[in-house]
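# Understanding the architecture of this molecule
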Amino acid sequence: MKAKSENIVIICLICVLLAGIISAVILLCVYDDKRSKGVWWWSGIQNADEYLAFASQNKVTEIYLSVSEFDQDINAFVGKANNLGIDVYALTGNYKMISDRSILESWLDKFKAYQTTSENKFCGVHLDVEPHQSPEWKDATDEQRTAMVQEYVEFVCFVTTAQGNKDIKFDFDIPAWLNFSVSLNGETKEAYKFVIDFASRVFVMSYRDSAEQIYSLAEDELDYANKQNKKLFLCVETAESSEGENITFFEEGKRTLDDQLEKLQKIIKTNCGENFSNFGISVHHMSAWYDLKD
């Protein structure tokens, strides 16, 4: 009788142990589901403490910080973000870089000097450089636009393969319609595929205000990135937009944004399966998101 009681106790202990292991695995999976969430930060580092607290509360894991001068204030900001478990990428954007690469090279020189001398380092470079930012895009013909996209793809190739840049991780922002057919190194395919090939990570401006539409708008890019096993982010807008109410969450507010981002994660996980960790979500941009109605 005593032996039987001891066996029951042992079985109960084993069950408790297994339950703990299963719970830990579930928690790890939930954490992994939410680990890739970024935000653009264009507004300088004033109000940094308030914004950083907001970012942390909203489970942001990375910030793309617009930087023109790399100084001690930037070093301090990166340190504060890192202490909250948030990575920081140096952000810059100017369409003129596409045709005048010296603009980016000058900025990269300062970035590299900062990385060499500063305690709190950036995780990489985030480039918001897109061909349609040029004022010439609006009135350009289809042929002219294709030529502009061709030059952009060549720019992406140059930046990511230049000898002095090989140790830098480069993110690129692209619109959800970058399907112009272009050629590079004897190969012809849609422009977005070349960008995904060369970039460390790609961010698709899939600006819509529902999870289904956000996913649908970037489905081709998701499918290609999935096949290439490359990191790709779907991105949403929170600032007021003149392009229509369905472009941004400005009208809906924080609660709807949160609900749709959670739904979007589930859609991505369902469709991307084992490569789910290769995909993330990013919000444009910090001050607009912070100011959204509750």
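Residues numbered from 1 in each chain as written. Predicted model: local features only at pLDDT ≥ 70, side-chain atom pairs only at ≥ 80, totals over all residues. Heavy atoms only, no water.

The next thing to look at is the overall build of the protein chain. Broken down by element type, the protein chain carries 10 helices and 10 strands. Evaluated residue by residue, the protein chain yields a buried proportion of 48% over its 294 residues. Total accessible area on the protein chain is roughly 15,200 Å²; 50% of this is exposed by carbon and sulfur atoms. (Helix = DSSP H or I, 4+ residues; strand = E, 2+ residues; numbered from the N terminus. Buried < 20%, exposed > 50% of the residue type's maximum accessible area, 1.4 Å probe, protein only. Areas by Shrake-Rupley, 256 points an atom, 1.4 Å probe, with all protein chains shown as cover.)

This paragraph deals with the nonpolar core. Grouped burial of nonpolar side chains is what soluble globular proteins tend to show. In this structure, Phe122, Tyr152, Phe155 and Phe172 are the most contacted members of the largest nonpolar core, which totals 81 residues. If one sorts the elements of this core by residue count, helix α5 (residues 142–161) sits on top with 8 residues. Phe155 has contacts with Met97, Ile98, Arg101, Leu104, Val129 and Phe172, leaving out every residue within four places of it along the chain. In this structure, Tyr64, Tyr89, Leu91 and Phe233 belong to the second largest nonpolar core, which totals 10 residues. (Core = buried A, V, L, I, M, F, W, Y, C linked by side-chain atoms within 4.5 Å. Contact = heavy atoms within 4.5 Å.)

This brings us to the environment of Val202. By the element assignment, Val202 lies in strand β8 (residues 201–205). Taking the C-alpha atoms as reference, Val202 lies 8.4 Å from Lys230; in sequence the two are 28 residues apart. Filtering out sequence-adjacent residues up to four positions away, Val202 remains in contact with Phe172, Ile174, Val195, Ile196, Lys231, Leu232 and Phe233.

So, on to unusual backbone geometry. Peptide bonds are trans in most cases, and residues, glycine excluded, mostly fall at negative phi. In this chain, His284 is followed by His285 through a cis amide linkage whose omega measures 0 degrees. Here His285 shows up in the loop between β10 (279–284) and α10 (286–291). The residue Asn185 is not glycine, and still its phi comes out positive at about 55 degrees. Along the chain, Asn185 falls in the loop between β6 (181–184) and β7 (187–190).

Counted according to the given criterion, the structure contains 11 salt bridges. Residues Arg201 and Asp171 are paired through a salt bridge, measuring 2.9 Å at the closest nitrogen-oxygen approach. Taken together, the residues Arg201 in strand β8 and Asp171 in strand β5 (residues 170–175) connect sequence positions 30 residues apart. Of the two residues, Arg201 and Asp171, neither departs from the other in class, the shared state being buried. As a salt-bridge pair, Lys189 and Glu187 come within 3.4 Å of each other at their nearest N and O atoms. Looking at Lys189, the relative accessible area reads 13%, which means it is buried. What emerges from the salt-bridge pattern is a single network uniting Glu62, Asp171 and Arg201. (Salt bridge = Lys/Arg side-chain N within 4 Å of Asp/Glu carboxyl O.)

Here we have 8 strands rolled up into a closed barrel, ordered β1-β2-β3-β4-β5-β8-β9-β10, and parallel in their pairing. Each strand axis lies, on average, 25 degrees off the axis of its neighbour in the sheet, ignoring direction. Note that strand β1 (residues 37–41) and β10 share 3 bridges and pair parallel. Paired with Val39 across the two strands is Val283, which belongs to β10. Contacting β1, β9 (231–237) and β10, helix α9 (residues 254–272) runs over the sheet at an angle of about 155 degrees to β10. (Pairing = 2+ DSSP bridges. Axes fitted to C-alpha atoms, helices over the stretch in contact; angles between N-to-C directions.)

With that out of the way, let us pick up the environment of Asn120. For Asn120, the location among the structural elements is in the loop between α4 (101–117) and β4 (125–127). Counting along the chain gives 39 residues from Asn120 to Ala81, while the straight-line C-alpha distance between them is 9.7 Å.

Let us look at the confidence of the model for the protein chain. With 88% of its residues at a pLDDT of at least 70, the protein chain reaches an overall mean of 90. In the model, residues 9–34 has pLDDT below 50 throughout and makes 8 contacts with residues more than four positions away in sequence or in other chains. (pLDDT = per-residue confidence, 0-100.)

Let's shift gears to the packing of aromatic side chains. Counting across every chain of the model gives 21 aromatic pairs. Taking the centre distance of 6.4 Å and the plane angle of 70 degrees together, the rings of Trp177 and Phe180 count as edge-to-face. Accessibility expressed as a relative area gives 18% for Phe180, which makes it buried. It is Lys269 that lies over the ring of Phe276; its NZ or CZ is 5.7 Å from the centre. (Phe/Tyr/Trp six-rings, centres within 6.5 Å; stacked < 30°, edge-to-face > 60°. Lys NZ or Arg CZ within 6 Å of the ring centre and 35° of its normal.)

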